[in-house]
Amino acid sequence: MARLAWVTSRARHSWLTSQAQQCWLNTRRHYHPNGDPPRILITGSLGQLGTGLAKLLRGKYGTQNVIMSDIVKPTKDIVNSGPYVFADILDFKCLQEIVVTYRIDWLVHFSALLSAIGEQNVPLAIRVNIEGLHNVMELSKQYNLRVFVPSTIGAFGPDSPRNPTPNLTIQRPRTIYGVSKVHAELLGEYYHHRFGLDFRCLRFPGVISADTMPGGGTTDYAVQVFHDAIEGREFECYLRPTTRLPMMYIDDCLRSLWEMLVAPEEKLKRRTYNVTAMSFSPEEIVSAVRKHFPDLKATYKPDSRQNIADTWPEIFDDNEARWDWGWQHHYDLEAMCEIMFTLLQQQQQMESVSGR
Ligand SMILES: NC(=O)C1=CN([C@@H]2O[C@H](COP(=O)(O)OP(=O)(O)OC[C@H]3O[C@@H](n4cnc5c(N)ncnc54)[C@H](O)[C@@H]3O)[C@@H](O)[C@H]2O)C=CC1
Ligand SMILES: CC(=O)[C@H](N)C(=O)O
C-alpha cells in the first residue's frame, strides 16, 4: 500500500514536473537566440483587457519587456507597475519611435471603439478601428513584428449561422465595429500571405472581468450585473431576458491570447480563430448571480443594443482552436460567478479599509 502511494506520488510529481517544463519551454521558445525575451508593445492598454494582459506578459517575460501604451492619463499604480508611454494609434511616427526606442518584437493591438460606442460616433470608429489598424499593419511589416489583433463575435451578422457559428462562414456585420473587425481579419491575413507578416487573431466573445469596467460594448451588461448585485442595486438590463450570447472570463481570454501568440507556426492552420467558454442569456446569469445574492432584482428595458445582439452568434463554435493548438477554457458560468464575487468582495474590503 505504502509502495503504491509512493509510486502514485512519484508519477504525479513527474507529471507536474513535465507540465511545468512544458510551460517553461513554451515561454522560452520565442526568446531571441541570445536568450533575451521578446519585447512587447500593447496599444490601448488601459481598457478592459490591457492591464491584465500586461500583468500576465510581464510575469512571463519581465516587467521592462512589456510596454503599456494608450492616449489616457495613467493612474499612479499603472506608472509604478512598469513602462507606460503615450501612443495615439493614428500617429504613425509616434508608433515608429516607440518600436525603435524600445526595440519591440511583438505588438498586441487593443485600441478600438467597441460595438455600442462605435455606433454613437461612426467617423471616430472608422479612424481608430480602420485607420489605426492600417498603421499597425504597416508598422508591423516595416519592423518585422509579430502582431496580435483581437476580433470579436461582432464580426458576424444576421446572415451568419448563429447556433453554432463556425470559424469559416458568412460575415456580413451590421455595426461599424463589426465591419472594422472583418477588415482587420482580412487585411491581416492578406499581409500574412503577401508579405509573410506573422499576423495572429482570435475572435473573442463578451469578456467578463472584475477589475476594469468594459468600454461601451453590447455585452457589458454581463459585468454590470455583478456590480449591481454586490452593491445592492437593482439590475436594469438593456437586453431581453432570453438574448443568448457567447462569453468568457478574462483569465481564459488572456490565456487564449498568449497561447495563440506563442503557438508554433506549424500548428496554425488559420490566422483567425473563434474562441469561447460559455453562452448564456441575461435571465440565466441573473439566476446564477442569485445563488450568491438571492435578493437581486432585475428588470429588462431593451434599447438599441438589442438590435446589435440580435445579429450576433448565440453559440460560438471554437472547435478548430481546440483541435489545432489545444485551446481549453477553465471557467464556466458557475466558476466565473465564484471568482467574480470573490474578487469584487476583496475590492470592496480594500476600499472600505482605505476609506475610498
Ligand atoms: N472586452 C471585450 O468584451 C472584447 C474585446 N475585444 C477586443 O479587444 C480589444 C480590447 O478591448 P477592451 O480592452 O475591452 O477595449 P476598451 O474599450 O476597454 O479599451 C480600448 C482602449 O483603446 C484606447 N484608444 C482609443 N482611441 C485610441 C487611439 N486613438 N490611440 C490609442 N488608443 C486608443 C482607449 O483609450 C481604451 O483604453 C479591442 O480591440 C476589442 O475590440 C474583442 C472581443 C470582446
Ligand atoms: C463582444 C465585443 O466585441 C464587445 N464586448 C462588445 O460588446 O462590443
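- Labelled according to an unreviewed UniProt entry, the chain appears under the name L-threonine 3-dehydrogenase, mitochondrial, originating from Scylla paramamosain.
- What UniProt states about the chain under its Pathway (unreviewed entry) heading is, verbatim, "Amino-acid degradation; L-threonine degradation via oxydo-reductase pathway; glycine from L-threonine: step 1/2."
- UniProt, in the comment section headed Sequence similarities (unreviewed entry), describes the chain in these words: "Belongs to the NAD(P)-dependent epimerase/dehydratase family."

**Thoughts on the overall build of the chain**
Link 1 in the chain: When helices and strands are counted, the chain shows 13 helices and 13 strands.
Link 2 in the chain: A compact globule built from 356 residues would reach a C-alpha radius of gyration of about 21 Å, and the chain, at 21 Å, matches this within 12%.
Link 3 in the chain: Split into buried and exposed, the 356 residues of the chain put 41% on the buried side.
Link 4 in the chain: In the chain, of all internal contacts separated by at least 6 residues, the share reaching a separation of at least 24 is 76%.

**Describing the site of ligand 2**
Link 1 in the chain: In the region of ligand 2, the neighbouring residues are Leu114, Ser115, Thr152, Ile153, Gly154, Tyr177, Pro205, Gly206, Gly217, Thr218 and Thr219.
Link 2 in the chain: Of the residues assigned to the shell around ligand 2, the class counts are four nonpolar, seven polar and no charged.

**Observations concerning the UniProt feature "domain: NAD-dependent epimerase/dehydratase" (unreviewed entry) in the chain**
Link 1 in the chain: Summarizing the sequence annotation, UniProt attributes the feature "domain: NAD-dependent epimerase/dehydratase" (unreviewed entry) to residues 40-275 in the numbering used throughout.
Link 2 in the chain: Helix makes up 42% of residues 40-275 and strand 18%, and the two end C-alpha atoms of the span are 23 Å apart.

**Here's the deal with helix H4 (residues 92-101)**
Link 1 in the chain: Residues Leu95, Ile98 and Val99 constitute the buried set of H4. Summarising the axial view, the buried residues of H4 lie within an arc of 95°, below the 170-degree limit, and thus occupy one face. Those residues of H4 that are exposed and angled more than 90 degrees off the buried face are Lys93, Val100 and Thr101.
Link 2 in the chain: Against strand S1 (40-43), strand S2 (66-70), strand S3 (84-86) and helix H6 (122-142) lie the buried residues of H4.

**Observations concerning the sheet that holds strand S8 (residues 206-208)**
Link 1 in the chain: On the basis of which strands lie adjacent, the open sheet formed by three strands has the order S8-S10-S12 and mixed pairing. Only two strands of the sheet have a single neighbouring strand rather than two, namely S8 and strand S12 (278-280). Mean inter-strand twist for the sheet, computed between neighbouring axes without regard to direction, equals 45°.
Link 2 in the chain: Pairing between strand S10 (residues 245-249) and S12: three bridges, direction antiparallel. Across the sheet, residue proline 246 finds its bridge partner in S12, namely serine 279.

**Some thoughts on the packing of helix H8 (residues 221-230) against helix H10 (residues 282-290)**
Link 1 in the chain: For the pair H8 and H10, the least separation of the axes is 11 Å and the interaxial angle reads 30°. One element, H8, and the other, H10, form an angle in the roughly parallel class. The interaxial crossing formed by H8 with H10 has right-handed handedness. Residue-level contacts link Tyr221, Ala222, Val225, Phe226 and Ala229 of H8 to Pro282, Ile285, Val286 and Val289 of H10.

**A word on the site of ligand 1**
Link 1 in the chain: By nearness alone, 28 residues border ligand 1, and Gly44, Gly47, Ser111, Ala112 and Gly215 come closest of all.
Link 2 in the chain: When the residues that make up the shell around ligand 1 are grouped by side-chain class, the tally is 15 nonpolar, eleven polar and two charged.

**A short note on the nonpolar core**
Link 1 in the chain: Counting residues in hydrophobic clusters, the biggest one holds 87 residues, and the most contacted among them are Ile40, Ile42, Ile208 and Val225.
Link 2 in the chain: Setting aside its immediate chain neighbours within four residues, valine 225 contacts Phe235, Ile285, Val286 and Val289.

**Concerning the environment of glutamine 120**
Link 1 in the chain: Secondary-structure assignment places glutamine 120 in helix H5 (residues 115-120).
Link 2 in the chain: Using a count of 11 C-beta atoms within 10 Å as the deciding quantity, one classes glutamine 120 as exposed.
Link 3 in the chain: Put simply, glutamine 120 and isoleucine 176 are 56 residues apart on the chain and 10.0 Å apart in space, counted from C-alpha to C-alpha.

**What to know about the confidence of the model for the chain**
Link 1 in the chain: When the pLDDT values of the chain are averaged, the result is 94; 92% of them are 70 or greater.
Link 2 in the chain: Of all secondary-structure elements in the chain, the lowest mean pLDDT belongs to helix H1 (residues 2-28), at 56, while strand S7 (residues 198-204) reaches the highest, 99.

**Let's talk about the pairing of strand S4 (residues 106-109)**
A regular strand places its side chains so that they alternate between the two faces of the sheet.
Link 1 in the chain: Side chains of S4 alternate between two faces, with Trp106 and Val108 and Leu107 and His109 buried alike.
Link 2 in the chain: Note that S1 and S4 share four bridges and pair parallel. Pairing of isoleucine 40 across the sheet is with tryptophan 106, part of S4.
Link 3 in the chain: Of the strand pairs in this sheet, S4 and strand S5 (residues 146-148) are connected by three bridges, and their pairing is parallel. Note on S5: the bridge partner recorded for valine 108 is phenylalanine 148.

Rules used throughout
- Along each chain, residue indices are assigned from 1 in the same order as the chain's sequence is written.
- In the order they appear in the text, chains get letters beginning with A and ligands get numbers beginning with 1.
- Local features are withheld for residues below a pLDDT of 70 in this predicted model, meaning they are given only at 70 or higher, and side-chain atom pairs are given and counted only at 80 or more; totals for whole chains, interfaces and linings count all residues.
- UniProt positions are given in the numbering used here, feature names are shortened, and annotations may be inferred rather than shown by experiment.
- Only runs of H or I of at least four residues qualify as helices and only runs of E of at least two qualify as strands under DSSP, and these elements are numbered from the N terminus.
- Only C-alpha atoms enter the radius of gyration, while the globule expectation follows 2.2 Å times N to the 0.38, with N the number of residues.
- Note on burial: count the other C-beta atoms lying within 10 Å of the residue's C-beta; 20 or more is buried, 12 or fewer is exposed, in between is partly exposed, and C-beta positions come from the backbone.
- Each residue gets a C-beta atom placed from its backbone, and two residues are in contact if those atoms lie within 7 Å.
- We call a residue near a molecule or strand when its C-beta atom, built from the backbone, sits within 6 Å of it.
- Residues were grouped as follows: Ala, Val, Leu, Ile, Met, Phe, Trp, Tyr, Cys and Pro as nonpolar; Asp, Glu, Lys and Arg as charged; and all remaining residues, including Gly, as polar.
- Throughout, the arc means the angular range of directions from the helix axis out to the C-beta atoms.
- Here the rule is simple: two strands pair whenever DSSP picks up at least two bridges between them.
- Axis lines are fitted through C-alpha atoms, for helices just across the contact stretch, and the angle between N-to-C directions can take any value from 0 to 180 degrees.
- Any angle between 65 and 115 degrees counts as roughly perpendicular, while under 35 counts as roughly parallel, over 145 as roughly antiparallel, and the rest as oblique.
- By convention, the crossing between two helices is left-handed when the near helix turns anticlockwise from the far helix through less than a right angle, and right-handed when the turn is clockwise.
- Any nonpolar core is a set of buried residues, restricted to Ala, Val, Leu, Ile, Met, Phe, Trp, Tyr and Cys, that join up through C-beta atoms within 7 Å.
- Values of pLDDT, which run from 0 to 100, indicate the predictor's confidence residue by residue.

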